Amino acid sequence: MMVIIEGMDNSGKSSLIDKLLPSYPFSVIHSRTYWDEDPDHWVEGIQEVMEAATRRNIFCDRFPVITESVYGPVLRGKNVLSDHPSWPDLLRELARVQPVIIYCRPPLHKLVQWGTRGQMDGVKERALDLIAQYDRVMKAFKNVCTYNYTQPLDLYKVYNEIERGMKNGQH
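Description of the structure in this document. (Residues numbered from 1 in each chain as written. Predicted model: local features only at pLDDT ≥ 70, side-chain atom pairs only at ≥ 80, totals over all residues. Heavy atoms only, no water.)

## Focus on the packing of helix H1 (residues 13-20) against helix H7 (residues 154-167)
With their axes 12 Å apart at the nearest point, H1 and H7 run at an angle of 65° to one another. Judged by the twist between their axes, the crossing of H1 over H7 is right-handed. Two secondary-structure elements touch here, H1 through Leu-16, Lys-19 and Leu-20 and H7 through Leu-155, Val-158, Tyr-159 and Ile-162. A class-by-class count of the residues in the contact of H1 with H7 yields 6 nonpolar, no polar and 1 charged. (Axes fitted to C-alpha atoms, helices over the stretch in contact; angles between N-to-C directions. Helix = DSSP H or I, 4+ residues; strand = E, 2+ residues; numbered from the N terminus. Left-handed = near helix turned anticlockwise from the far one by under 90°. Contact = heavy atoms within 4.5 Å. Nonpolar A, V, L, I, M, F, W, Y, C, P; charged D, E, K, R; others polar.)

## Quick look at the packing of aromatic side chains
Here the structure, examined in full by the defined rule, presents 5 aromatic pairs. Look at Tyr-24 and Tyr-159: their rings are 6.0 Å apart centre to centre, the planes differ by 40°, and that puts the pair in the tilted class. On the criterion of sequence distance, the pair formed by Tyr-24 in the loop between H1 and strand E2 (27-30) and Tyr-159 in helix H7 is long-range, its members being 135 residues apart. Tyr-24 gets classed as buried once you look at its relative accessible area, which sits at 5%. Among the residues examined, Tyr-159 registers a relative accessible area of 25% and is labelled partly exposed. Among the aromatic residues, ring-to-ring pairing joins Tyr-24, Phe-26, Phe-59 and Tyr-159 into one connected group. (Phe/Tyr/Trp six-rings, centres within 6.5 Å; stacked < 30°, edge-to-face > 60°. Buried < 20%, exposed > 50% of the residue type's maximum accessible area, 1.4 Å probe, protein only.)

## Description of a negative patch on the surface
A contiguous patch of negative charge on the surface is contributed by Asp-38, Asp-40, Glu-44 and Glu-48. Summarising the element assignment, Glu-48 is placed in helix H2 (residues 39-52). On the accessibility criterion, Glu-48 (56% relative accessible area) is exposed. (Patch = residues over 30% accessible without salt bridge, like charges linked within 9 Å, V, L, I, M, F, W, Y side chains within 5 Å. Areas by Shrake-Rupley, 256 points an atom, 1.4 Å probe, with all protein chains shown as cover. Salt bridge = Lys/Arg side-chain N within 4 Å of Asp/Glu carboxyl O. Lys, Arg positive; Asp, Glu negative; His and termini not counted. Charge placed at Lys NZ, Arg CZ, Asp CG, Glu CD.)

## Describing helix H3 (residues 64-76)
The end-to-end C-alpha distance of H3, which contains 13 residues, comes to just 15 Å, noticeably less than the 18 Å that a straight helix rising 1.5 Å per residue would cover. Extensive coverage of H3 is indicated by the burial of 10 of its 13 residues. Among the residues of H3, those classed as buried are Pro-64, Val-65, Ile-66, Thr-67, Glu-68, Ser-69, Val-70, Tyr-71, Gly-72 and Val-74. Considering only its buried residues, H3 is in contact with strand E1 (2-6), H2, helix H4 (87-97), strand E4 (100-104) and helix H6 (127-138). Immediately beyond the C-terminal end of H3, within one or two residues, lies Gly-77, with a positive phi of roughly 85°. (Expected span 1.5 Å × (residues − 1).)

## Points about H1
Along an α-helix, residues three or four apart share an orientation, since each turn contains 3.6 residues. Looking at H1, one finds that the buried residues are Lys-13, Leu-16, Ile-17 and Leu-20. Within H1, the buried residues cover an arc of 100° as seen down the axis, which keeps them to one side. Each element contacted by the buried residues of H1 is listed here: E1, E2, strand E3 (58-61), E4, strand E5 (144-147) and H7. (Arc of directions from axis to C-beta.)

## Side note on a nonpolar patch on the surface
On the surface, a cluster of nonpolar side chains totalling about 250 Å² of accessible area is made up of Leu-108, Val-112 and Leu-128. For Val-112, the location among the structural elements is in the loop between helix H5 (108-111) and H6. A relative accessible area of 33% places Val-112 in the partly exposed class.

## Focus on the pairing of E1
Burial analysis of E1 places 5 of its 5 residues in the buried class, the great majority of the element. The two faces of E1 match: Met-2, Ile-4 and Glu-6 on one face and Val-3 and Ile-5 on the other face are all buried. Bridge count for E1 against E3 is 4 bridges, and the pairing is parallel. Pairing of Ile-4 across the sheet is with Cys-60, part of E3. In the sheet, E1 pairs with E4 via 4 bridges, with the strands oriented parallel. When the sheet's bridge partners are listed, Glu-6 is paired in E4 with Tyr-103. (Pairing = 2+ DSSP bridges.)

This is the structure we're talking about:
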């Protein structure tokens, strides 16, 4: 089973995974920084993760098919994956795997409380554009569970989605 935890920088993805691990001891795969590498490497990595999800339960702390659809257009002017010849195959395979997708989306004022945390170039300056793009991209996916860490009962929604995915035998 594959559970994708997505969201803007500072949205609570890693904290959510830490809360889930005691109940769901899944493997955790952190998305690498792909944008400065050959897109063929991205495609290979994405395929490996989706294949691994058919054999074991995994949490993905971001997933490039989604993340690049947000950060690419906003920070680099395009989604480099969507130009790749394997893009339709990646989307078809993702649909076959049927991941549980959790969108970490706290209120705007929480997202932009950076504190001393460093961020990738352009993230702070383009934060509002990134948030708006995330909101648009997440609407393209079916059955996305939105998690707002400022709402304590939202954790129940996340547990419910994971349990539903496990019951339905999602890969």
